[in-house]
Amino acid sequence: MSNVIQAIEAPADFGEFPDPLGHFGPYGGRFVPELLMAPLEELASAYARFRADPEFQAELYADLQYYVGRPTPLYFARHWTEQVGGAQLYLKREDLDHTGAHKINNTMGQALLASRMGKRRIVAETGAGQHGVATAAVCARLGLECIVYMGAEDVRRQSVNVYRMRLMGATVVPVESGTRTLKDALNEAFRDWAANVDDTFYIIGTVAGPHPYPEMVRDFQAVIGRETREQCLEQHGRLPDALVACVGGGSNAIGMFHPFLGDTGVEIYGAEAGGEGVETERHAAPLSAGRPGVLHGNRTYLMENADGQIMPTHSVSAGLDYPGVGPEHAWLKDTGRVRYVAVDDDDALAAFHGLARLEGIIPALETAHGIAYAEKLAARMRPDQVIVINCSGRGDKDIDTVAEVEGMNL
Amino acid sequence: MSRIAYRFAQRRAEQRKTLVTYVTGGDPHPGATVPIMHRLVSAGADIIEVGMPFSDPMADGPVIQSACDRALENGTGLAGVLEMVRAFRRTDNDTPVVLMGYLNPIEQIGYQSFARDAAAAGVDGVLTVDLPPEEGNEFVAALTEHDLDPIWLIAPTTRMERVNAICDQARGFVYYVSLKGVTGAGTLDVDDVGSHVDTIREATQTPVGVGFGVRSGDDAARLGQVADAVVVGTAIVSRIAENVGDDAAIGDAIHAITDELRQGLDAPMVERTP
């Protein structure tokens, strides 16, 4: 594999990817120990079967409607728009999903799949805790055992979410190895799965990992983009001019982007965690300042040093604090279909406060990265143009972090 | 004949089983590895696996992960490991050396450069834990061009179809992972291992090594009855971890465990079921 990053021609139809082995151009694939090949093949064939099964789809749809609370509104942020000046700003309100973030669209889908496959034990990993909370909720709902691995540092940063998971019956395991954050939790979850493949289903929370996870998680999250598309056509009679979403692993972003990839008139932007700045080493923006490599079962952009060792990351948002990104994003970057930008901690914090004050919506710190970029973008656009920002989660979980940054003790 | 194949042929002629031992390159510090390798050989190891340290070794347990962390903290990267092999070769031209690790550090050097440098350093085989054959064509081609043996893993969950496909590409030896989980986990079921090894033997003439879960001379003795080679990593690395800061004690401790494993392997047949 050459390390020279070349521009790749965009395909005629993005919807036809990945290929049967999980490749998005040069990215994706299945880079795992042999022990995990059989369970991944089993999962891929089960997913292919249930994806085409109307009964499974109907069950999932009912759960999304009555348990998760879909469809979520497409909300015109009038006060924010007036303040920023320029394009009209709309929020797709995934913060109103049950448990407070888009994560549950995917956990609902995977937990139903696990049930159909007869797996009664669920393992998951979580960074900010949103995926862990969403997993704990659906496991409680479906009567599945739930074990959540979480970096010890994130356990400290997100104590409220840890308690929420425990309230819903999950076992939260703090991971002390490595940098004690999301990537180490991922390693531990893989290890657990490897040791217990017979009765255990691993619910990955983002569009990374080995095939079929990037495809499966994307499909479960694509409900966001499909709804956005319909709602835009209903409310404006046309598609939006631009989409913005934050990108850590990238599941909320791919969910919003994917149904629009063929709409060439829609500009698409992904906002990564610039931390203290991409010119420093303290950030979590692999697409903006990393290069391709192999980690956690797939080839994608990574934050790594010259020796191929994975770098510690930094972001004020635990949910974006991951050195990799979903392989489909890597491909969308190289094809030029999506533009990825880095938003640093300070701008994200300012946007967090701004949206709270102007609209009475406290966004997750992850989401605040998208909010911050949308403000810059809107100011360059015309008032008749429309930007939709994926409001991927609510910020209740982050208020301790923000208060701490500002020297307050709640 | 490759050094690995020759070593297996030698042991087979002596009616002995092959002992493969693993250490992480650069653990606990760069200067320690070459003396440890020689000590392993003098205590009875037949093939040395040298781990290429990686920051995120997801198929390994806590013992090997800590060894990787120690090595990385002390500045050992892939180039450093190759330098260690080169130094080992100055006084040992017979003992096969297999590099074991994860794909990403190799990708950053590039497959061709890696294969060329590894062959020049005196490496005989390469095992990449997170590279399945489906993704491995380009890498295997590079290894083959430089006469390096690609070593492949087979797991208890591997379907027969895949066993055949893997065995078609395997050189040196095939590494059967004797239990589900990560390195250093669980306990051994020798009968179960034996039936899997028999299945692999139907697919290939390549020797079969068995690893994961071998802790003692007794474990080695029992596995030696069903496999051509026994692979031991965590038991050796944990001796290093227990003696960090005292290289002489490390040498003595790994000598003791390697000697125990060797004696177990060479012991007269014992009953297969306890």
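Residues numbered from 1 in each chain as written. Chains lettered and ligands numbered in written order. Predicted model: local features only at pLDDT ≥ 70, side-chain atom pairs only at ≥ 80, totals over all residues. Heavy atoms only, no water.

- Chain B appears in an unreviewed UniProt entry as Tryptophan synthase alpha chain from Spiribacter curvatus.
- If you open the UniProt record of chain B and go to Subunit (unreviewed entry), you find "Tetramer of two alpha and two beta chains."
- Under the heading Sequence similarities (unreviewed entry), UniProt records this for chain B: "Belongs to the TrpA family." (UniProt positions renumbered as here; feature names shortened; annotations may be inferred.)

- Chain A appears in an unreviewed UniProt entry as Tryptophan synthase beta chain from Spiribacter curvatus.
- What UniProt records for chain A under Sequence similarities (unreviewed entry) is the sentence "Belongs to the TrpB family."

## Description of the overall build of chain B
Here is step 1: Regarding its fold elements, chain B presents 12 helices and 9 strands.
Here is step 2: Here the C-alpha atoms of chain B give a radius of gyration of 17 Å, agreeing with the 19 Å that 2.2 N^0.38 yields for 274 residues.
Here is step 3: For chain B, the C-alpha atoms occupy an extent of roughly 45 × 40 × 35 Å along the three principal directions.
Here is step 4: A distance of 4 Å separates the average location of the 22 positive side-chain charges in chain B from that of its 39 negative side-chain charges. (Helix = DSSP H or I, 4+ residues; strand = E, 2+ residues; numbered from the N terminus. Rg over C-alpha atoms; globule rule 2.2 N^0.38 Å. Lys, Arg positive; Asp, Glu negative; His and termini not counted. Charge placed at Lys NZ, Arg CZ, Asp CG, Glu CD.)

## Points about the packing of helix α14 (residues 345-359) of chain A against helix α15 (residues 365-379) of chain A
Residue and element names in this part refer to chain A.
Here is step 1: Two elements in contact, α14 and α15, have axes separated by 8 Å at closest approach and are oriented at 90°. Regarding the angle of α14 to α15, the classification is roughly perpendicular. Contacts from Asp-347, Ala-348, Leu-349, Ala-351, Phe-352 and Leu-355 of α14 reach α15 at Leu-365, Ala-368, His-369, Ile-371, Ala-372 and Lys-376.
Here is step 2: Looking at the contact of α14 with α15 residue by residue, the class counts come to 9 nonpolar, 1 polar and 2 charged. (Axes fitted to C-alpha atoms, helices over the stretch in contact; angles between N-to-C directions. Parallel < 35°, antiparallel > 145°, perpendicular 65-115°, else oblique. Contact = heavy atoms within 4.5 Å. Nonpolar A, V, L, I, M, F, W, Y, C, P; charged D, E, K, R; others polar.)

## A few points about the interface of chain B and chain A
Here is step 1: At the interface, 37 residues of chain B touch 40 residues of chain A.
Here is step 2: Regarding the contact of chain B and chain A, the summed buried area is about 3,100 Å², with carbon and sulfur atoms giving 48% of it.
Here is step 3: Between chain B and chain A we count 5 salt bridges in total.
Here is step 4: In this structure, the salt-bridge partner of Glu107(B) is Arg299(A), at a minimum N-O distance of 2.3 Å.
Here is step 5: Applying the counting criterion to the chain B and chain A interface returns 22 residue pairs in polar contact (both at pLDDT 80 or more).
Here is step 6: Elements supplying a minimum of two residues to the side of chain B that touches chain A: α3 (62-73), α5 (103-109), β6 (152-154) and α8 (160-169) of chain B.
Here is step 7: No other element matches the 5 residues that α5(B) contributes to the side of chain B that touches chain A. (Buried area = accessible area lost by both parts, 1.4 Å probe. Salt bridge = Lys/Arg side-chain N within 4 Å of Asp/Glu carboxyl O. Polar contact = N/O pair within 3.5 Å; in protein donor to acceptor, adjacent residues only side chain to side chain.)

## Considering a nonpolar patch on the surface
Here is step 1: Judged by side-chain polarity, Ile362(A), Ile399(A), Met408(A) and Leu410(A) come together as a nonpolar surface patch covering roughly 390 Å² of accessible area.
Here is step 2: Its location among the elements puts Ile399(A) in helix α16 (residues 399-405). (Patch = residues over 30% accessible without salt bridge, like charges linked within 9 Å, V, L, I, M, F, W, Y side chains within 5 Å. Areas by Shrake-Rupley, 256 points an atom, 1.4 Å probe, with all protein chains shown as cover.)

## A closer look at the packing of aromatic side chains
All names here are of chain A.
Here is step 1: Taken as a whole and judged by the stated rule, the model has 16 aromatic pairs over all chains.
Here is step 2: Between Phe-50 and Phe-56 the ring centres are 5.4 Å apart and the planes differ by 35°, which places this aromatic pair in the tilted class.
Here is step 3: Judged by relative accessible area, Phe-50 falls into the buried class, the value being 9%.
Here is step 4: With relative accessibility at 1%, the residue Phe-56 sits in the buried group.
Here is step 5: On the basis of an interplanar angle of 80° and a centroid distance of 6.4 Å, the ring pair of Trp-193 and Tyr-213 is categorised as edge-to-face. Of this pair, Trp-193 sits in helix α8 (residues 182-195) while Tyr-213 sits in helix α9 (residues 213-221), and the two are 20 residues apart along the sequence.
Here is step 6: Among the aromatic residues, those joined into a ring-pair cluster are Phe-14, Phe-17, Phe-24 and Trp-331.
Here is step 7: The ring centre of Tyr-75 lies 5.9 Å from the NZ or CZ of Arg-93, which sits over that ring.
Here is step 8: Here the guanidinium or amino end of Arg-229 rests over the ring plane of Phe-260, the centre of that ring lying 5.9 Å away. (Phe/Tyr/Trp six-rings, centres within 6.5 Å; stacked < 30°, edge-to-face > 60°. Buried < 20%, exposed > 50% of the residue type's maximum accessible area, 1.4 Å probe, protein only. Lys NZ or Arg CZ within 6 Å of the ring centre and 35° of its normal.)

## Let's talk about the packing of helix α4 (residues 78-89) of chain B against helix α6 (residues 111-121) of chain B
All names here are of chain B.
Here is step 1: One way to put it is that α4 packs onto α6 with a least axis distance of 8 Å and a crossing angle of 25°. Relative to α6, α4 is oriented roughly parallel. Contacts from Leu-78, Leu-82, Val-85, Arg-86 and Arg-89 of α4 reach α6 at Phe-114, Asp-117, Ala-118 and Ala-121.
Here is step 2: Looking at the contact of α4 with α6 residue by residue, the class counts come to 6 nonpolar, no polar and 3 charged.

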